[in-house]
Amino acid sequence: MAQKEISIIHPRPSSIVAALYTLRDLNVDVAILHGPPGCSFKHARLLEEDGIRVVTTGLDENSFVFGGHDRLVEVINKSIELFNPKILGVVGTCASMIIGEEMHDAVLEANPDIPVIEVEVHAGYHNNTRGVLFALESALDAGIIDYKEFERQEYLLSKATEVEKRYGAASKEYLAPSRGDLKYKVAKRLVELLREGKKGLVIMNAKKETGYMFADITLAVNEVASMLGKKENLVNMANIDPELGLPRVRQHAEFIMRDFIAHGVEIHEIIGGMDEYPIAGEKVSKLIKEKYSDYDFAVITGVPHAIPMENLQHMELVSVTNGPRQVLPLKEMGHEHVLVEIDLHPKTLGVSKIVESEFGATLREVAKET
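The structure displayed is predicted, hence computed values, not measured ones. Each chain has its residues counted from 1, running along the sequence as written. Only residues with pLDDT of at least 70 are given local features in this predicted model, and only at 80 or more are side-chain atom pairs given and counted; all residues enter the totals for whole chains, interfaces and linings. Excluded from the side-chain calculations are hydrogens and water; all other atoms, namely the structure's heavy atoms, are used.

Regarding the pairing of strand S1 (residues 30–33)
Turning to step 1, where the next piece is worked out: Under the scheme applied here, a residue whose accessible area is under 20% of the maximum for its type counts as buried, over 50% as exposed, and between as partly exposed, the area being computed with a 1.4 Å probe on protein chains only. A run of H or I in DSSP counts as a helix once it spans at least four residues, and a run of E counts as a strand once it spans at least two, with each numbered from the N terminus. Along S1, one buried face is formed by Val 30 and Ile 32 and the opposite face, lined by Ala 31 and Leu 33, is buried too.
Turning to step 2, where the next piece is worked out: Taken together, S1, helix H2 (residues 41–49) and strand S2 (residues 53–56) form a β-α-β motif whose crossover is right-handed.
Turning to step 3, where the next piece is worked out: We treat two strands as partners when DSSP finds at least two bridges between them. In the sheet, S1 pairs with strand S3 (residues 88–91) via four bridges, with the strands oriented parallel. Within S3, the position partnered with Leu 33 by the bridge is Val 91. A crossover counts as right-handed when, viewed with the strands pointing away from the observer, the path leading from the first strand over the helix to the second turns clockwise.

Focus: a negative patch on the surface
Turning to step 1, where the next piece is worked out: Note on patches: the residues involved have over 30% relative accessible area and no salt bridge, like charges join within 9 Å, and the nonpolar side chains Val, Leu, Ile, Met, Phe, Trp and Tyr join within 5 Å. Note on areas: Shrake-Rupley with a 1.4 Å probe; residue coverage comes only from the protein chains shown. By definition here, a salt bridge exists when the distance from a side-chain nitrogen of Lys or Arg to a carboxyl oxygen of Asp or Glu is within 4 Å. Positive charges come from Lys and Arg alone, negative charges from Asp and Glu alone, with His and the N- and C-terminal ends not counted. The atom standing in for a charge is NZ when the residue is Lys, CZ when it is Arg, CG when it is Asp and CD when it is Glu. On the surface, a cluster of negative charge is contributed by Asp 70, Glu 102, Asp 105, Glu 109 and Glu 120.
Turning to step 2, where the next piece is worked out: Relative to the elements of secondary structure, Glu 109 occurs in helix H6 (residues 103–110).

Considering the domain arrangement of the chain
How big an interface is tends to be reported as the loss of accessible area on association of its parts.
Turning to step 1, where the next piece is worked out: Assigned domains of the chain: these are domain 1 (15–145) and domain 2 (183–369).
Turning to step 2, where the next piece is worked out: Residue ranges assigned to the domains are those given by an automatic or database domain assignment. Distance between the C-alpha centres of domain 1 and domain 2: 35 Å.
Turning to step 3, where the next piece is worked out: At the junction of the two partners, domain 1 supplies eleven residues and domain 2 supplies eleven residues.
Turning to step 4, where the next piece is worked out: Between domain 1 and domain 2 lies a buried interface of about 1,000 Å² when both sides are counted; carbon and sulfur atoms form 54% of it.
Turning to step 5, where the next piece is worked out: Residue Glu 209 pairs with Arg 24 through a salt bridge whose shortest N-O separation is 2.9 Å.
Turning to step 6, where the next piece is worked out: Each polar contact in these results corresponds to two N or O atoms within 3.5 Å; when the atoms are within protein, one needs to be able to donate a hydrogen and the other to accept it, and residues that are neighboring in sequence are counted only if both atoms are side-chain atoms. Our enumeration of links across domain 1 and domain 2 arrives at six residue pairs in polar contact (both at pLDDT 80 or more).
Turning to step 7, where the next piece is worked out: Secondary-structure elements contributing two or more residues to the side of domain 1 that touches domain 2 are helix H1 (15–25) and H2.
Turning to step 8, where the next piece is worked out: At four residues, the largest contribution of residues to the side of domain 1 that touches domain 2 is made by H1.
Turning to step 9, where the next piece is worked out: Across the side of domain 1 that touches domain 2, the residue classes break down as five nonpolar, two polar and four charged. Any two residues whose heavy atoms approach within 4.5 Å are treated as being in contact. Here the quantity called buried area is the accessible surface, traced with a 1.4 Å probe, that two parts lose on coming together, added over both. Three classes are used: nonpolar for Ala, Val, Leu, Ile, Met, Phe, Trp, Tyr, Cys and Pro, charged for Asp, Glu, Lys and Arg, and polar for all others, with Gly counted as polar.

Comments concerning the nonpolar core
Turning to step 1, where the next piece is worked out: Membership of the largest hydrophobic core comes to 41 residues, with the highest contact counts inside it found for Met 204, Ile 240, Phe 260 and Phe 359.
Turning to step 2, where the next piece is worked out: Elements supplying a minimum of two residues to this core: helix H9 (183–195), strand S5 (200–205), helix H10 (211–227), strand S6 (234–238), helix H11 (247–262), strand S8 (297–302), strand S9 (316–321) and helix H15 (358–369).
Turning to step 3, where the next piece is worked out: If one sorts the elements of this core by residue count, H10 sits on top with ten residues.
Turning to step 4, where the next piece is worked out: Setting aside chain neighbours within four positions, we find Ile 240 in contact with Met 204, Ala 253, Ile 256, Met 257, Phe 260, Ile 267, Ile 270, Gly 272 and Met 274.
Turning to step 5, where the next piece is worked out: To qualify as a nonpolar core, a set must consist of buried Ala, Val, Leu, Ile, Met, Phe, Trp, Tyr and Cys residues joined through side-chain atoms within 4.5 Å. In terms of nonpolar packing, the next biggest core, distinct from the first, is built from 32 residues, Ala 18, Ala 44, Leu 46 and Leu 349 among them.

A word on the sheet that holds S3
Turning to step 1, where the next piece is worked out: Read from one edge of the open sheet, four strands run S2-S1-S3-S4, paired in parallel fashion. At either margin of the open sheet sits one strand with a lone partner, and together these are S2 and strand S4 (116–119). Strand-to-strand twist across the sheet, computed as the mean angle between neighbouring axes with direction ignored, equals 20°.
Turning to step 2, where the next piece is worked out: Sheet topology places S3 next to S4; four bridges connect them, and they run parallel. Among the inter-strand pairings, Val 90 is bridged to a residue of S4, identified as Glu 118. Angles shown run from 0 to 180 degrees and are taken between the N-to-C directions of axes, each axis being a line fitted to C-alpha atoms and, for helices, limited to the stretch in contact.

Considering the packing of H10 against H15
Axis angle and axis distance: for two packed helices, these are the angle between their axes and the distance between the axes, and together they describe the pair.
Turning to step 1, where the next piece is worked out: At their nearest, the axes of H10 and H15 sit 8 Å apart, and the two run at 10° to each other. Taken together, the axes of H10 and H15 lie roughly parallel to each other. Side by side, H10 and H15 meet where Asp 216, Ile 217, Leu 219, Ala 220, Val 221, Glu 223, Val 224 and Met 227 of the first sit next to Phe 359, Gly 360, Ala 361, Leu 363, Arg 364 and Ala 367 of the second.
Turning to step 2, where the next piece is worked out: The residue inventory of the contact of H10 with H15, partitioned by class, reads ten nonpolar, one polar and three charged. Oblique is the label for any angle not covered by the other classes, which are roughly parallel (under 35 degrees), roughly antiparallel (over 145) and roughly perpendicular (65 to 115).

Looking at the packing of aromatic side chains
Each aromatic ring pair is characterised by the separation of its centres together with the angle its planes make.
Turning to step 1, where the next piece is worked out: Two rings from Phe, Tyr or Trp (for Trp, the six-membered ring) form a pair when their centres are within 6.5 Å of each other. A pair whose planes differ by under 30 degrees is stacked, one over 60 is edge-to-face, and the rest are tilted. The full count for this structure, using the stated rule, is three aromatic pairs.
Turning to step 2, where the next piece is worked out: Each ring, one from Tyr 125 and one from Phe 134, has its centre 5.5 Å from the other, and the planes form 70°; the classification is edge-to-face.
Turning to step 3, where the next piece is worked out: Ring geometry for Tyr 292 against Tyr 295: centres 5.4 Å apart, planes inclined by 85°, an arrangement best described as edge-to-face. As far as the burial class goes, Tyr 292 and Tyr 295 line up, both buried.

Brief notes about a nonpolar patch on the surface
Turning to step 1, where the next piece is worked out: There is a patch of nonpolar side chains on the surface, built from Phe 64, Val 65 and Phe 66 and spanning about 360 Å² of accessible area.
Turning to step 2, where the next piece is worked out: With respect to the helices, strands and loops of the structure, Phe 66 is situated in helix H3 (residues 61–66).
Turning to step 3, where the next piece is worked out: Given the relative accessible area of 67%, Phe 66 is considered exposed.

Side note on the environment of Pro 37
Turning to step 1, where the next piece is worked out: Relative to the helices and strands, Pro 37 resides in the loop between S1 and H2.
Turning to step 2, where the next piece is worked out: Taking C-alpha positions, Pro 37 is 4.2 Å from Gly 58, a pair spaced 21 residues apart along the chain.
Turning to step 3, where the next piece is worked out: If we skip the residues at most four places from it in the chain, Pro 37 touches Thr 56, Gly 58 and Leu 59.

Pasting the structure below:
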């Protein structure tokens, strides 16, 4: 008998926002939200920090009754006039879905001479990956990506959903947010492990642009190990393959690898692309079994819950996430120390180099004190 879906009552990410971020990764220049002016306001503003223009048709009570077709045509034409985009995105909302708007008709009437990625989406899907998939399907139709990349992305999305349902924010009916363990105490323990000559793995399994801050923890651990004369006891892994992913995602990998090299940090194992966080864990687990089974501890950043526990159980784990609702699931998995980088995502939008993390800064200061 199929297992019944649990009813999750804590807030979940929106499919509309997921679609917007996917358009960003496809290097869309302008995204039009066909809905009320306040829909997805916070993320729309943050995305503008990342180089994509986000505008809205600003549907109001009158539009809810009589429709917003003419307004969408007007905003398409106005966006082309103002911003001269090479690629345009049009994203639906709950309002446009409820009133039955046909966005494609408006695009046909406006008849722009550039590719348009139309995303018919609303926020009522249990898995926000649906918004990503809808955007990718439209990008495929518009010739922005090929079918091979679409299939790859579709597979990654299914795996991401599995990870979240098994060990993530979709694993329980309600997960209370938590700030995790005290960074100062965990930093002291990590310095002790390094000082004692314990062998450690530093594993970055980050989701896309979040890697700009999680990478700083890799830098900090290596800096402290070098200060203590123990750098040879570390093995660094990271999902920064620059040949994999949508255009913006590949660029993130290139920039982070550039910064690792500039800081003299060697990445011993490339475990995948920056969109492969849901499947990179399997590669990490295999590497540990084959080459690093005698290591004493691991520092895991990004999406730690995507790495199977089978070959980690004997290690002392320090895990860093940016999800306050991820603390309890990680503790239950067996991660002894769990830290949260609060407000990581806003700090990693629109950047092109590694950004200092709270734990990285704490670790550096603790090492100086001791």
